[in-house]
Amino acid sequence: MSDSREWLVQWLRDAHAMEEQAETILNGQLSRIENYPELTDRVRLHLDETRQQAARLKACLDRMDEGSSTMKDAAGKLVAMAQSLSGIFAGDEVMKGSLASYTFEHMEIASYTILIAAAESLGETEVVRACEENLREEVSMAEWLKDNLPATTEQFLARADTESDSAKR
């Protein structure tokens, strides 16, 4: 097996663990967002996309006679649980969550861009196709977050001025 193929497999495993981490983060956000229905709806949609993304990556690894990394998946979920729990103590949890989500989306965008380039150089067309689909969904979520950050901020500030307990979530 070539070093290039080994790197691609490692990066696919990393991306799978990243999606497992994202699923945990999104589930945590959904369990606590109470007063931002548009955000809740979009996070729920992206959670479904995230599950599909992880499945696409697992299918790629299976086609290559490789498997996902149980250790990386577990570590990603553990980190996500800690991240999710840390927001509970923030008075501006919805804003911290929005900031973290926007940042995480860009890490995913970079990861899929790297994977696409590596898969193209190795002629792994199915990996390219799966990663391009995942990339489109990540870009869409990042753009939605960017476009909606002002409205979420305004909603948060309006609630914070009148009903501070509901602003947080």
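These numbers were taken from a predicted model, which means no experiment stands behind them.

(A) Quick peek at the pattern of salt bridges. All told, the structure shown has 13 salt bridges when counted by the stated rule. For the salt bridge of Asp62 with Lys58, the shortest nitrogen-to-oxygen distance reads 3.3 Å. Of this pair, Asp62 and Lys58 both sit in helix α2 (residues 37–63), 4 residues apart, roughly one helical turn. You can call Asp62 partly exposed: its relative accessible area is 39%.

(B) Representation of α2 in the model. Relative to the 39 Å expected for 27 residues at 1.5 Å per residue, α2 spans 39 Å between its end C-alpha atoms, a close match to the ideal helical length. Positive phi shows up at Asp65, right after α2, with a value of about 60 degrees.

(C) Quick peek at unusual backbone geometry. In this model, Asp65 sits at a positive phi of 60 degrees, which is unusual for a non-glycine residue. Tracing the backbone shows Asp65 in the loop between α2 and α3 (70–86). Accessibility expressed as a relative area gives 70% for Asp65, which makes it exposed.

Conventions adopted
Residues numbered from 1 in each chain as written. Predicted model: local features only at pLDDT ≥ 70, side-chain atom pairs only at ≥ 80, totals over all residues. Heavy atoms only, no water. Salt bridge = Lys/Arg side-chain N within 4 Å of Asp/Glu carboxyl O. Helix = DSSP H or I, 4+ residues; strand = E, 2+ residues; numbered from the N terminus. Buried < 20%, exposed > 50% of the residue type's maximum accessible area, 1.4 Å probe, protein only. Expected span 1.5 Å × (residues − 1).

It is worth stressing that arrangement in space is one thing and function is another; only the former is reported here.
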